[in-house]
Amino acid sequence: MTDRWIRDQLEVRCCIESYSDAVMRRDSGAVMALWADDCRWGVPDMPGLEEVLGKDAIRKAFEDAQALFPFVFLLCVPQHVAIDGDQAVARTYTTETLKDHSGSIRKALGRYDDRLDRIDGRWLFTERIWTMLFSE
């Protein structure tokens, strides 16, 4: 292990954890600051969200979800981070609780398959694909 490897691991994990924090604070600006300009987000099991391309489209999807769910709790836990130069892949497990305007609560456990690039010295998401593992 080198100092660079340790720094990269911490920075990638910090990016993932910052995403979780920004979502729970409902801060779309902070969420979008974690994404590269050329990026992709997807939820293959959800019609209309299978592939969302670019920061503007991802911001709109995030803000549309905010409008549907006045309460969101999202915990992102990185479990595997592999770094190769200025690129990284990560596997991040999530637990999410959503409450809609009627008071209905939805809980989901899932996994993000992440790709990040170091751009101008910062690790940014280039791709996040979320797979639901369990819901109730």
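Please read these numbers as outputs of a predicted model, since none were measured by experiment.

A. The arrangement of the overall build of the protein chain in detail. Per the secondary structure count, the protein chain includes 3 helices and 6 strands. Each helix and strand of the protein chain, ordered N terminal to C terminal, gives the series α-α-β-β-α-β-β-β-β. Taking 14 Å as the expected radius of gyration for a compact globule of 136 residues, we find that the protein chain reaches 15 Å, a close match to that expectation. In terms of overall dimensions, the protein chain has C-alpha extents of about 50 × 25 × 25 Å along its principal axes. Taken across its 136 residues, the protein chain has 37% of its residues classed as buried. Pairs at least 24 residues apart make up 53% of the contacts formed inside the protein chain by residues separated by at least 6 positions.

B. Local environment of the environment of Gly110. With respect to the helices and strands, the residue Gly110 is situated in strand β5 (residues 105-119). Here Gly110 falls in the buried class, since its relative accessible area comes to 2%. The sequence separation of Gly110 and Ala57 amounts to 53 residues, and the corresponding C-alpha distance is 22 Å. In this structure Gly110 touches Thr92, Tyr93, Thr94, Trp130, Thr131, Met132 and Leu133, once residues within four positions along its chain are discounted.

C. Geometry of unusual backbone geometry. Unusually for a residue other than glycine, Arg26 sits at a positive phi of about 60°. With respect to the helices and strands, the residue Arg26 is situated in the loop between α1 (3-25) and α2 (28-32). Look at Arg26 and you get partly exposed, because its relative accessible area is 31%. With phi around 50°, Asp120 is a residue other than glycine that occupies positive phi space.

Rules behind the numbers
Residues numbered from 1 in each chain as written. Predicted model: local features only at pLDDT ≥ 70, side-chain atom pairs only at ≥ 80, totals over all residues. Heavy atoms only, no water. Helix = DSSP H or I, 4+ residues; strand = E, 2+ residues; numbered from the N terminus. Rg over C-alpha atoms; globule rule 2.2 N^0.38 Å. Buried < 20%, exposed > 50% of the residue type's maximum accessible area, 1.4 Å probe, protein only. Contact = heavy atoms within 4.5 Å.

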